[in-house]
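# Per-entry structural report
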Amino acid sequence: MNEARVATDPLTFCDAAAAKVAELMTESDNAALKLRVYVSGGGCSGFQYGFSFEQSVNPDDACIEKRGVTLLIDPMSLQYLAGAEIDFEDGLEGARFVIRNPNATATCGCGSSFSVGDQPPEAQAAGGCGTLGGTSSCQTSH
């Protein structure tokens, strides 16, 4: 068994997100593409979400497969994303991947950064954001 696989899915990879990735794979004519979701330091709430397309899997990646699509998460990011939902929405605010993260105690008003745990109020409100909630999103380009 590949060490990158996990016995149970640490987060939910929604059908709409998997379908969008499959569509993008078809458009790029590259069946080897995988969607990576990651967390990095930055943003006005302390951490920010990111998405990228990659062709290779790192040995320590968690992998979730759905509808022929693979979602990759590195171990550092996984600790902040455990229990989250990765979804895709196409609505009035545009087409975007959305993260619903139960670990987020505050998110930036622009929706691209978040904080976790007990942070002082000034850290939650840095940059004028710091709205409560755990939903964030990232725009996609067509």
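Residues numbered from 1 in each chain as written. Predicted model: local features only at pLDDT ≥ 70, side-chain atom pairs only at ≥ 80, totals over all residues. Heavy atoms only, no water.

### Thoughts on the nonpolar core
Counting 29 residues, the largest nonpolar core has Phe13, Leu71, Ile73 and Leu81 as the members making the most contacts within it. Sequence-distant contacts of Phe13, defined by excluding residues within four places in its chain, comprise Ala18, Leu35, Ile64, Lys66, Val69, Leu71 and Ile86. (Core = buried A, V, L, I, M, F, W, Y, C linked by side-chain atoms within 4.5 Å. Buried < 20%, exposed > 50% of the residue type's maximum accessible area, 1.4 Å probe, protein only. Contact = heavy atoms within 4.5 Å.)

### Focus: the pattern of salt bridges
This structure, assessed with the given rule, holds eight salt bridges. The salt bridge involving Arg36 is made with Glu54; its shortest N-O contact spans 2.9 Å. Pair noted here: Arg36 is in strand S2 (residues 34-41) and Glu54 is in strand S3 (residues 47-54), with a separation of 18 residues, a long-range link. In this structure Arg36 comes out as buried when scored by relative accessible area, which is 6%. The salt bridge partner of Glu89 is Arg96, with a shortest N-O separation of 3.7 Å. The exposure class assigned to Glu89 is partly exposed, which follows from its relative accessible area of 30%. Classification of Arg96 by relative accessible area gives buried; the value is 15%. (Salt bridge = Lys/Arg side-chain N within 4 Å of Asp/Glu carboxyl O. Helix = DSSP H or I, 4+ residues; strand = E, 2+ residues; numbered from the N terminus.)

### Describing the confidence of the model for the chain
Across the chain, the average pLDDT comes to 77, with 73% of residues at or above 70. Low pLDDT, under 50, characterises residues 119-142; the stretch is placed with 66 contacts to residues that sit more than four places away or in other chains. (pLDDT = per-residue confidence, 0-100.)

### Focus on unusual backbone geometry
One can expect most non-glycine residues to show negative phi and most peptide bonds to be in trans. If you check the backbone angles, Asp29 has positive phi at about 55° while not being a glycine. Note that Asp29 resides in the loop between helix H1 (15-28) and S2. Positive phi is not limited to glycine here, since Arg67 has a value of about 55°.

### Notes on the side chain of Asn30
Following the sequence through the fold, Asn30 ends up in the loop between H1 and S2. The class of Asn30 is buried, set by a relative accessible area of 18%. For Asn30, the side chain forms a polar contact with the main-chain nitrogen of Ala32, separated by 3.0 Å. Once you skip the residues sitting within four places of it in the chain, Asn30 turns out to touch Met25 and Gln55. (Polar contact = N/O pair within 3.5 Å; in protein donor to acceptor, adjacent residues only side chain to side chain.)

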